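# Structural features, examined
So you can see what is in the structure, the chains are spelled out below.
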Amino acid sequence: MQISGILPEDAPDPRVELESRVGELPFRVLGLVPQPAVQDLGGIGITDAWDAEGRESISVSVTYTYWRNPADHADPVNLAELDDETRASLDTVPPWPRPAWLVEMAQQLRFPLLWEAVRTSWRRAGADRDWLTQSLVDHVNHILQNRFRSELGIAFDRPFDRAWETSVSSADPTAELEVDGVRVSAVQIDTDPFVYAVGALTGAGTVATVVIPRDHLAGVRLALGARRGPTGS
């Protein structure tokens, strides 16, 4: 979800349209089961790919707010570590009115995010173990490239320097993941120093993958179920 420019105070909340699109998809979108430390406020992303025969694949990613102290959201321990420029940007109140949903979204940036932590992917050709493994690898690399650039020394001027990437050789096919209250066979990647990842086949043509930063892993219950949508504040 990208927002730019000056929006009128009555601009519609883009999350409403995204939720509508999710509801029309031909497969079930999964998310982390309800739990105190994570909160779904409607941060979803949808990507799809097309070929000559039509839609070839669709992925839906869910972002969560992470609470270090879920019992007290006002506890300063919940605040994210922000650089001065980002903090100043969030503290600046523009001289024009903003939509309430935009103010809410800006406030959530003060807290740690499990960015695109859960991804449900569907493929017209069907889902198999090999595609699950590749989907998990792709999810991990997406998170690393977008959230751990400085830690990995990823430079915009060296796009072909990809020594940081995870590969299928890092995947362990002997793991398990709780889905709908049942432990199912899964694939995990437990070799990266920054994230832990696990995924499973979840239905006709679908897989679900989860990538969690290790800094927050201890506070998250790795269990999936049908996504229920925004839980509010």
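Below is a summary of the structure that appears in this document.

On a plain count of helices and strands, the protein chain comes out with 6 helices and 9 strands. Since a compact globule built from 233 residues should have a radius of gyration of about 17 Å, the 18 Å found for the protein chain is in line with a globular shape. Per-residue burial for the protein chain yields a buried fraction of 44% across its 233 residues. The long-range share in the protein chain, meaning contacts at least 24 apart out of those at least 6 apart in sequence, stands at 66%. Element-wise, carbon and sulfur atoms account for 52% of the exposed surface of the protein chain, whose accessible area totals about 12,600 Å².

One pass over the full model with this rule turns up 3 aromatic pairs. Each ring, one from Phe27 and one from Trp122, has its centre 6.5 Å from the other, and the planes form 5 degrees; the classification is stacked. Note that Phe27 is positioned in the loop between α1 (14–23) and β1 (30–32) and Trp122 in strand β4 (residues 113–123), a separation of 95 residues in sequence.

This paragraph deals with the nonpolar core. Counting residues in hydrophobic clusters, the biggest one holds 32 residues, and the most contacted among them are Tyr64, Leu114 and Leu224. At the level of elements, α1, β1, β2 (38–51), β3 (54–66), β4, β5 (172–179), β7 (195–203) and β8 (206–213) are the ones that each hand at least two residues to this core. Of all the elements, β3 adds the most residues to this core, at 5 residues. If we ignore the near neighbours within four places in the chain, the residues touching Leu114 are Val38, Val62, Thr63, Tyr64, Tyr66, Ile212, Pro213, His216 and Val220. Core analysis: the next-biggest nonpolar cluster, separate from the first, contains 17 residues, Leu132, Val137, Ala171 and Val211 among them.

Here we come to the side chain of Ser121. Checked against the element boundaries, Ser121 lands in strand β4. The class of Ser121 is buried, set by a relative accessible area of 4%. A polar atom in the side chain of Ser121 sits 3.0 Å from the side chain of Ser59. Apart from residues no more than four positions distant in its own chain, Ser121 is found in contact with Ile58, Ser59, Trp131, Gly205, Thr206 and Val207.

Right, let's talk about unusual backbone geometry for a bit. For Glu116, which is not glycine, the phi dihedral falls at a positive 45 degrees. Take Glu116: it is sitting in strand β4. Given the relative accessible area of 17%, Glu116 is considered buried. In the Ramachandran plot, Asp180 falls in the positive-phi region, its phi being about 55 degrees despite a non-glycine side chain. Summarising the element assignment, Asp180 is placed in the loop between β5 and β6 (182–189).

Strand order in the open sheet formed by 9 strands is β1-β9-β5-β6-β7-β8-β4-β3-β2, and the pairing between neighbours is mixed. Of all strands in the sheet, those bounded by a partner on one side alone are β1 and β2. Geometrically, the sheet is characterised by an average inter-axis angle of 30 degrees between neighbouring strands, direction not taken into account. Inspection of the sheet shows β6 paired to β7 by 3 bridges, in the antiparallel sense. What sits directly across from Ile189, in β7, is Ala197. Contacting β2 and β3, α1 crosses the sheet at an angle of about 60 degrees to β2. Helix α4 (residues 129–147) contacts β4, β5, β6, β7 and β8 of the sheet and is inclined by roughly 150 degrees relative to β4.

Conventions adopted
Residues numbered from 1 in each chain as written. Predicted model: local features only at pLDDT ≥ 70, side-chain atom pairs only at ≥ 80, totals over all residues. Heavy atoms only, no water. Helix = DSSP H or I, 4+ residues; strand = E, 2+ residues; numbered from the N terminus. Rg over C-alpha atoms; globule rule 2.2 N^0.38 Å. Buried < 20%, exposed > 50% of the residue type's maximum accessible area, 1.4 Å probe, protein only. Contact = heavy atoms within 4.5 Å. Areas by Shrake-Rupley, 256 points an atom, 1.4 Å probe, with all protein chains shown as cover. Phe/Tyr/Trp six-rings, centres within 6.5 Å; stacked < 30°, edge-to-face > 60°. Core = buried A, V, L, I, M, F, W, Y, C linked by side-chain atoms within 4.5 Å. Polar contact = N/O pair within 3.5 Å; in protein donor to acceptor, adjacent residues only side chain to side chain. Pairing = 2+ DSSP bridges. Axes fitted to C-alpha atoms, helices over the stretch in contact; angles between N-to-C directions.

Spatial relationships are all this shows, so hold off on functional conclusions.
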